[in-house]
Amino acid sequence: MGGSWWRARTRWVAAWAALGLIVAGGVVSGATPAAAAPAIPGWLTTKGSSIVTSSGATHTIKAVSWFGMETANCAPHGLWSIPLDDGLADIASMGFNTIRLPFSNECLAARSASSVDAQANPGLVSLTPLQIMDTVIARAKAHGLSVILDRHRPGSDAQSELWYTARYSEQRWIDDWKMLATRYKNEPAVIGVDLHNEPHGPACWNCGDAARDWRAAATRAGNAVLGVNPRLLIIVEGVERQGDGTATWWGGGLRDVRTAPVRLSVANRVVYSPHDYPASIFTQAWFSAPDYPANLEGVWDANWGYIAREGIAPVLLGEFGTKLETDRDRKWLTTLVSYLAKTGMSYAYWSYNPNSGDTGGLVADDWRTRQTAKLDVLRPILAPVATPKPSATPKPTATPKPTATPKPTATPKPTATPKPSATPKPKPTATSKPTPSQKPSATWILQSSWGEGYVAEFEVTATKAVTDWTVSWDSAGATSVTNAWGMACSLSGSTITCTGSGWASSLAAGQTVRVGLQVAAPRAPVRPGLTVTAS
């Protein structure tokens, strides 16, 4: 995409509200964590190249992204497998101190989420996405984790080159940021806002074209946020194409900050946030240099590292990640970790989730087994601590629902989507023993596909009550079913057969469930013939 590189990926992520009962305008303290629970640093500011606490102590943000709230599920992924608290405790015990929480504007206005298991997270299934965000923040705080809110997409369908689209205007973007700033105005666990994820394509830095000038747009949005809460850090990513004609990763180009920094109405609030990836994502020219990987520091210094080295502002490396399957990737990550350790820069690793198609995550597909090889490489910049599991706290009060918004059309030049393991909202409604019934209907919904697999969902609707149901179809070249939710699936030859299981096994008359699976295959069926049986 964008002419210089291509990346086939998209960012595929109540019982408790620890430390707060959610009310309009912020989070008001309603409970305290266990005495041994770790403390958060609170509001932060900047001083030269450093991020500092209110006492003036230097603070390094050590974050990991937990995505899902920017997808059609509108909730952090993995909540179909693990309790929210388990994931947060795991992240804290790895040595991270912050969650980068991607979201879409579409999800902010949605009335429900669709990827939360009722048994693993019984208090979350009935919440709106905003209420889920409230709970994630409150529980993160209870685990000693701060939160950075990341506007990852306008609509939940794809990333966008610019900060606005035909369906999501600049004003909507700014208004939603002001709403979030108001909502968490009194919550010091929310330390910063990442204004827009990966500007690229036509996005420019200080070019003077109001429709494309990301620096100018970030200034407008940053000032609007600070007008509501002047204590937040304003996190500004770079662009793909830089003023000198060079190109780099989406969001990775910040060469022009030296001559045209972002200046906001409140001083000492800007943190610059490039993204950087290895050769397995795209073979940038510097990966083929004869002095690789020794040349990487020079590349990073030129594109964004100089901002911190020269004391202009702090740098938070907003995304970096790898499957760690090649020697080139291992050299890249090892060199980058050394660079971060040497410079003391903040960072946000991509991602905690295992279902990032091009990088994988820090846990395996079961959402529990750690990817120890990656964590071993990251160890020099992590600070593992033993964190006790905080006690559960009261259910949050009802929060105002955002106004409904039109479903967005596809955004300009969306990236192809990789391996999300999108899951449905469980509907474990108990049903009485049904009388003999006719088969239900099933609708195929292809969520995403890439060169190694695909994710598909089904909406299964029963016209009469059924005790069990099965759907099968042909998937040429399929080698395995790697994940499924609401179904138990098997592969025989090229035929995949799935039977409703758990909360989706029996259906009442008129009931619809949304179930799905992830398949390892070279391509995805477009409109497969579905064979549905039931009893």
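In this text, all values refer to a predicted model and were calculated from it rather than measured experimentally.

Per the secondary structure count, the protein chain includes 8 helices and 20 strands. Element-wise, carbon and sulfur atoms account for 53% of the exposed surface of the protein chain, whose accessible area totals about 18,700 Å².

Glancing now at helix H5 (residues 214-228). If you check H5, its first and last C-alpha atoms are 21 Å apart, about what 15 residues at 1.5 Å a residue would give, namely 21 Å. Of all the 15 residues making up H5, 11 are buried; the element is thus mostly covered by neighbouring parts of the structure. If you follow the buried residues of H5, they end up packed against helix H4 (170-183), strand S8 (190-194) and strand S9 (233-236). Two to three positions downstream of the cap, the backbone nitrogen of Arg215 sits 3.2 Å from a side-chain oxygen, assigning the N-cap of H5 to Asp213.

The next subject is the confidence of the model for the protein chain. With 82% of its residues at a pLDDT of 70 or more, the protein chain has an overall mean of 85. For residues 1-35, every residue scores under 50 in pLDDT, and the model assigns this stretch 159 contacts once sequence neighbours within four places are set aside. Segment residues 391-437: pLDDT under 50, and 162 contacts once partners within four positions in sequence are set aside and those in other chains are kept.

Further remarks concern unusual backbone geometry. Here Tyr292 and Pro293 are connected by a cis peptide whose omega angle stands at 5°. Examined against the element boundaries, Pro293 turns out to sit in the loop between strand S10 (270-272) and helix H6 (296-309). At Cys74, a position not held by glycine, the phi torsion is positive, near 60°. For Cys74, the location among the structural elements is in the loop between strand S5 (62-65) and helix H1 (84-94). In this structure Cys74 comes out as buried when scored by relative accessible area, which is 5%. Unlike most non-glycine residues, Asn206 shows phi in positive territory, near 65°. Structurally, the position occupied by Asn206 is in the loop between S8 and H5. For Asn206, a relative accessible area of 39% puts it in the partly exposed group.

This brings us to the pattern of salt bridges. Scanning the entire structure with this criterion turns up 18 salt bridges. The salt bridge involving Asp150 is made with Arg100; its shortest N-O contact spans 3.3 Å. With Asp150 in strand S7 (residues 146-153) and Arg100 in strand S6 (residues 98-104), this pair connects stretches of sequence that are 50 residues apart. Take Asp150 and Arg100: they sit in the same class, and that class is buried. With a closest N to O distance of 3.1 Å, Glu187 and Lys141 form a salt bridge. On the criterion of sequence distance, the pair formed by Glu187 in the loop between H4 and S8 and Lys141 in helix H3 (residues 129-142) is long-range, its members being 46 residues apart. With relative accessibility at 1%, the residue Glu187 sits in the buried group. Taken together, the shared-partner salt bridges in this structure form one network comprising Arg100, Asp150, Asp194, Glu237 and Glu319.

Membership of the largest hydrophobic core comes to 108 residues, with the highest contact counts inside it found for Met133, Leu149 and Phe320. A total of 8 residues in this core trace back to one element, the largest contributor, which is H5. With 23 residues, the next largest nonpolar core counts Trp444, Val466, Ala504 and Val515 among its residues.

Let us now look at the state of the cysteines. One pass over the structure, following the stated rule, counts 3 disulfides. A sulfur-sulfur separation of 1.9 Å characterises the disulfide bridge that pairs Cys204 with Cys207. Owing to a relative accessible area of 8%, Cys204 belongs among the buried residues under this scheme. Here Cys489 engages in a disulfide with Cys498; their sulfurs sit 2.2 Å apart. Residues Cys489 and Cys498 are joined through a disulfide that is right-handed, its torsion about the S-S bond being 115°. Taking the relative accessible area as the measure of exposure, Cys498 reaches 0% and is therefore buried. Disulfide connectivity for the protein chain, with bonded cysteines indexed by sequence position, reads 1-2, 3-4, 5-6.

Now for the sheet that holds strand S20 (residues 531-534). Across the sheet, 4 strands lie side by side as S17-S18-S15-S20; this open sheet has antiparallel pairing. Across the chains shown, the open sheet's two edge strands, defined by having one partner strand only, are strand S17 (487-492) and S20. Along the sheet, successive strands turn relative to each other by an average axial angle of 15°, direction set aside.

On to the sheet that holds S7, then. Taken together, 8 strands build an open sheet; the order of strands is S10-S9-S8-S7-S6-S5-S12-S11 and the sheet is parallel. Each edge of the sheet is formed by a strand with only one pairing partner; in this case those strands are S10 and strand S11 (316-317). By the bridge criterion, 4 bridges tie S7 to S8 in an arrangement that is parallel. In the strand pairing of S8, Val147 is matched with Val190.

Where burial is concerned, most of S7 is hidden: 8 out of the 8 residues are buried. As paired strands, S6 and S7 are joined by 7 bridges and run parallel to one another. The residue of S7 that forms the bridge with Ser104 is Arg153. Traced from S7 through H4 to S8, the parallel crossover comes out right-handed.

So, how was this worked out
- Residues numbered from 1 in each chain as written.
- Predicted model: local features only at pLDDT ≥ 70, side-chain atom pairs only at ≥ 80, totals over all residues.
- Heavy atoms only, no water.
- Helix = DSSP H or I, 4+ residues; strand = E, 2+ residues; numbered from the N terminus.
- Areas by Shrake-Rupley, 256 points an atom, 1.4 Å probe, with all protein chains shown as cover.
- Expected span 1.5 Å × (residues − 1).
- Buried < 20%, exposed > 50% of the residue type's maximum accessible area, 1.4 Å probe, protein only.
- Contact = heavy atoms within 4.5 Å.
- Polar contact = N/O pair within 3.5 Å; in protein donor to acceptor, adjacent residues only side chain to side chain.
- pLDDT = per-residue confidence, 0-100.
- Salt bridge = Lys/Arg side-chain N within 4 Å of Asp/Glu carboxyl O.
- Core = buried A, V, L, I, M, F, W, Y, C linked by side-chain atoms within 4.5 Å.
- Disulfide = S-S within 2.5 Å.
- Pairing = 2+ DSSP bridges.
- Axes fitted to C-alpha atoms, helices over the stretch in contact; angles between N-to-C directions.
- Right-handed = clockwise from strand over helix to strand, strands pointing away.

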